[in-house]
Amino acid sequence: MPAPATGPTPQAPVNPRSRVLMASLIGTTIEFYDFYIYATAAVLVFPSLFFPAGDPTTALLSSFAVFGAAMVARPVGAVFFGHLGDRLGRKKTLVASLLTMGVATFLIGVLPTYAQAGWTATALLVVARLAQGFALGGEWSGAALVATENAPTGKRALYGTFPQLGAPLGFIVGNGLFLVMGALLPSTAGSDPTQPSQAFTDWGWRIPFLFSAVMVAIGLWVRSRLVESTVFARTREAGKVRKLPLATVVRGHWKQLILGTFIMLATYVLFYLMTTFSLSYGRTAKDAAVPGLGYGYTTFVLMMIFGVLFFAVFTLVSGPLADRYGRRTTLIWITAAIVVFGLLWVPLIGLGTPGVVLWLVFGFTLMGMTFGPMGALLPELFPTSVRYTGSGVSYNVSSILGAAVAPFIAVALWKAGDGSPWLVGVYLSAMAVLTLVALLLSKETKNVSLDDDPDLAPAADPAPAGGPAQATARH
């Protein structure tokens, strides 16, 4: 029979719901803002600023390779910040990851270019991008835990959508700022409208990176006012904090790690195709060596922002659906829709501008529906003592399999298709099939109760010789 609760836990301060939602939302908004401004710059200016002049496709692929390098650093960051989060607490770790991200992003804004410093500039860009990825590795899982560990009963998926909402908000803020800079520094008469102006290339692109310092300062202020989540505090009081969370996860929860990684795969591939690849494809001239859609930068980004509004709305819609019908059931249907969507790329785009808009709307709608429930599902796969590490590693290892290579593969397939993206759509469908298999092999986590977490039970005294084994079954 469980011993009655003792100690100060019932009187411990709790986070107001508004503070929980704001703290989880603002950090991921900054995270995705930093991602989007880097991704946009990687398409617009980094190929010419940080790589030697040559074949434009090769320069773009090199820029995407540096972009993808951050994804390799993300699992390392997930292990590092996960270790801190599972041992020291969520609050301190979230502050550290956000500060690391802010410093790295700001420094990109003051880097010399290849013309000024040669390969040293490129190397510094790689280092800063790796630092971004390292920080990103600890940001998402911590924000998701702040939301879900403080959520009311029956609303964990809804609360889990708030850190996910940072993705569309970060897109709108980041690309909106690039649009403002483009309007203030327009291309001169007679120049290629798909290319930025000389002033934008010289210094205008730096402004969004420098502005991130303001957003980070606001985020740090909000997060400094958090108190530790009750479930983690109880785990610490029960003496269940793990010395090596990663070892515990790998040894006792390897199946959840693998399933979580592949459950996220289609989400990552869709996300990066609809943001990074689509921007490159949409603004490449129709008469280029590898033809694109030929839209001007401003026109296509406005079309993307329209699509991202659906991303935001359906991210929030997905939470109540996942709370009512279950995370697994909801995601199985959405992932099946992603498989179909990948096969409809060419028919949709072939309809002209209305078709391109529909392509963006459908893609971003599915993105919101698949991304929203992840804020609850991945943390629910793991017990409290290793939840930061487990959810973070799954989320970020998937970033290597999906995000790191998706833009690079997409450009190669686009080139192989002689300018048609049909192979890119097939690639998306294939990755969605892998996610569908992982979902079918997984169990529903809707009714997993954090209050019944075995990590919250006080450590039992060693059983006497010949006595029953210690009843601390892991899930």
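None of the values given here were measured: they were computed from a predicted structure.

Focus: the overall build of the protein chain
Okay, so step 1: Per the secondary structure count, the protein chain includes 21 helices and zero strands.
Okay, so step 2: Buried residues in the protein chain amount to 56% of all 475 residues.
Okay, so step 3: Restricting to contacts in the protein chain with at least 6 residues of sequence separation, those with at least 24 account for 84%.
Okay, so step 4: If you sum the accessible surface of the protein chain, you get close to 18,600 Å²; carbon and sulfur atoms cover 70% of it.

Quick word on a nonpolar patch on the surface
Okay, so step 1: Residues L99, V103, F106, L107 and V110 make up a contiguous nonpolar surface patch of roughly 410 Å² in combined accessible area.
Okay, so step 2: Relative to the assigned elements, F106 resides in helix α4 (residues 90–108).

Re the pattern of salt bridges
Okay, so step 1: All told, the structure shown has seven salt bridges when counted by the stated rule.
Okay, so step 2: Measuring nitrogen to oxygen at the nearest pair gives 2.8 Å for the salt bridge that ties E149 to R90. In this pair, E149 is assigned in helix α6 (residues 119–149) and R90 in helix α4, connecting sequence segments 59 residues apart.
Okay, so step 3: We classify R90 as buried; its relative accessible area is 2%.
Okay, so step 4: Look at the salt bridges and you will find they share partners, linking D86, R90, E149 and R387 into a network.

Notes on the nonpolar core
The nonpolar side chains of soluble globular proteins are, as a tendency, buried together.
Okay, so step 1: In this structure, F46, W205, F300 and W359 are the most contacted members of the largest nonpolar core, which totals 123 residues.
Okay, so step 2: Counting residues per element, this core draws most heavily on helix α1 (residues 17–44), which supplies 16 residues.
Okay, so step 3: Non-local contacts of F46, meaning those with residues more than four positions away in its chain, are made with Y38, A41, F51, S63, I108, L125, W205 and F209.

Structural notes on helix α14 (residues 297–325)
Given 3.6 residues per turn, any residue in an α-helix points the same way as the ones three and four places further on.
Okay, so step 1: In this model, α14 (29 residues) spans 41 Å end to end at C-alpha, consistent with the 42 Å of a helix rising 1.5 Å per residue.
Okay, so step 2: Positive backbone phi, at 105°, marks G326, one or two positions downstream of α14.

Here's the deal with the side chain of T435
Okay, so step 1: Considering the arrangement of structural elements, one finds T435 in helix α21 (residues 422–441).
Okay, so step 2: Among residues more than four places away in sequence, those in contact with T435 are F262, I263, L265, A266 and T335.

Some thoughts on the packing of α14 against helix α15 (residues 327–343)
Okay, so step 1: Two elements in contact, α14 and α15, have axes separated by 6 Å at closest approach and are oriented at 125°. Comparing their axes, α15 and α14 come out oblique. Along the contact surface, α14 presents L321, A322, D323 and Y325, while α15 presents R327, T329 and T330.
Okay, so step 2: The residue makeup of the contact of α14 with α15, split by class, is three nonpolar, two polar and two charged.

Let's talk about the packing of aromatic side chains
Okay, so step 1: One pass over the structure, following the stated rule, counts 35 aromatic pairs.
Okay, so step 2: Plain terms: the ring middles of Y36 and F271 are 6.0 Å apart, the flat faces sit at 55° to each other, and that makes the pair tilted. You can see Y36 sitting in helix α1 and its partner F271 sitting in helix α13 (residues 265–283), a full 235 residues away along the chain. In this structure, Y36 and F271 share a single accessibility class: buried.
Okay, so step 3: Over the ring of Y38 we find R129, and its NZ or CZ is 4.3 Å from the ring centre.

Some remarks on the environment of F371
Okay, so step 1: In this structure, F371 sits in helix α17 (residues 353–371).
Okay, so step 2: Measuring from C-alpha to C-alpha, the distance between F371 and F311 comes to 9.2 Å, with 60 residues separating the pair along the chain.
Okay, so step 3: Setting aside residues up to four positions removed in sequence, F371 forms contacts with F32, Q164, A167, T267, F311 and Y395.

Topic: helix α11 (residues 245–252)
Okay, so step 1: If you check which residues of α11 are buried, you get P245, T248 and V249. What you see down the axis of α11 is that its buried residues fit within an arc of 100°, all on one side.

Some details on the environment of M215
Okay, so step 1: Tracing the chain through its elements places M215 in helix α9 (residues 206–224).
Okay, so step 2: M215 gets classed as buried once you look at its relative accessible area, which sits at 12%.
Okay, so step 3: Taking the C-alpha atoms as reference points, M215 and G27, separated by 188 residues in sequence, lie 9.1 Å from one another.

Examining the side chain of E149
Okay, so step 1: Judged by its relative accessible area of 7%, E149 falls in the buried class.
Okay, so step 2: Polar contacts involving the side chain of E149 include one to the side chain of R387, which spans 2.9 Å.

Some words on the packing of helix α20 (residues 406–416) against α21
Okay, so step 1: Direction vectors running N to C along α20 and α21 enclose 140°, while the axes themselves pass 7 Å from each other. In terms of orientation, α20 lies oblique with respect to α21. Taking contact as the criterion, the partners of A406, I409, A410, L413, W414 and A416 in α20 are, on α21, L423, V424 and Y427.
Okay, so step 2: Per-class residue counts for the contact of α20 with α21 are nine nonpolar, no polar and no charged.

Some details on unusual backbone geometry
Okay, so step 1: At D418, a position not held by glycine, the phi torsion is positive, near 55°.
Okay, so step 2: Looking at where D418 falls in the secondary structure, it is placed in the loop between α20 and α21.

A word on the environment of T201
Okay, so step 1: Along the polypeptide, T201 turns up in helix α8 (residues 198–204).
Okay, so step 2: Those residues in contact with T201, other than ones at most four positions away along the chain, are V45, L49 and P196.

Considerations on the confidence of the model for the protein chain
Okay, so step 1: Within the protein chain, residue pLDDT values average 84, and 89% of them lie at 70 or more.
Okay, so step 2: For the stretch residues 1–11, pLDDT sits under 50, and the model shows four contacts to residues farther than four places along the chain or on other chains.
Okay, so step 3: A low-confidence stretch, residues 459–475 (pLDDT under 50), is modelled with 18 contacts involving residues beyond four sequence positions or located in other chains.

Reading guide: rules and limits
- Note that residues are indexed from 1 along each chain, following the sequence as it is written.
- Confidence filtering applies because this is a predicted model: local features only for residues at pLDDT of at least 70, side-chain atom pairs given and counted only at 80 or more, and all residues used for totals across whole chains, interfaces and linings.
- Only heavy atoms go into the side-chain values, all of them from the structure, while hydrogens and water stay out.
- The helix and strand labels rest on DSSP assignments: H or I over at least four residues marks a helix, E over at least two residues marks a strand, and numbering proceeds from the N terminus.
- Buried, partly exposed and exposed residues are distinguished by accessible area as a fraction of the type maximum, computed with a 1.4 Å probe on protein chains only: under 20%, between the cut-offs, and over 50%, respectively.
- Residue contacts are counted whenever heavy atoms from the two residues lie within 4.5 Å of one another.
- Surface accessibility follows the Shrake-Rupley procedure with a 1.4 Å probe radius. Residue values consider only the protein chains on display as shielding.
- Patch membership requires over 30% relative accessible area and the absence of a salt bridge. Like charges are linked within 9 Å, and nonpolar side chains (Val, Leu, Ile, Met, Phe, Trp, Tyr) within 5 Å.
- Between Lys or Arg on one side and Asp or Glu on the other, a salt bridge is scored when a side-chain nitrogen of the former is within 4 Å of a carboxyl oxygen of the latter.
- Definition used in this section: a nonpolar core is a set of buried Ala, Val, Leu, Ile, Met, Phe, Trp, Tyr and Cys residues joined via side-chain atoms within 4.5 Å.
- To estimate the expected span of a helix, subtract one from its residue number and multiply by 1.5 Å.
- Each axis is a line fitted through C-alpha atoms, taken for helices only over the stretch in contact, and angles between the N-to-C directions span 0 to 180 degrees.
- Angle categories: roughly parallel below 35 degrees, roughly antiparallel above 145, roughly perpendicular from 65 to 115, and oblique for all the rest.
- When residues are sorted by character, Ala, Val, Leu, Ile, Met, Phe, Trp, Tyr, Cys and Pro go into the nonpolar class, Asp, Glu, Lys and Arg into the charged class, and all the rest, Gly among them, into the polar class.
- Between 30 and 60 degrees the pair is tilted, below 30 it is stacked and above 60 it is edge-to-face, where a pair is any two Phe, Tyr or Trp rings, Trp via its six-membered ring, whose centres lie within 6.5 Å.
- We call a charge positioned over a ring when the NZ of a Lys or the CZ of an Arg lies within 6 Å of the ring centre and within 35 degrees of the ring normal.
- The arc in question is the one traced by the directions running from the helix axis out to the C-beta atoms.
- We define a polar contact as two N or O atoms separated by no more than 3.5 Å, with the added condition that, inside protein, one atom must be a possible hydrogen donor and the other a possible acceptor, whereas residues neighbouring each other in sequence contribute only through side-chain atom pairs.
- The predictor attaches a confidence to each residue, called pLDDT, with possible values from 0 through 100.

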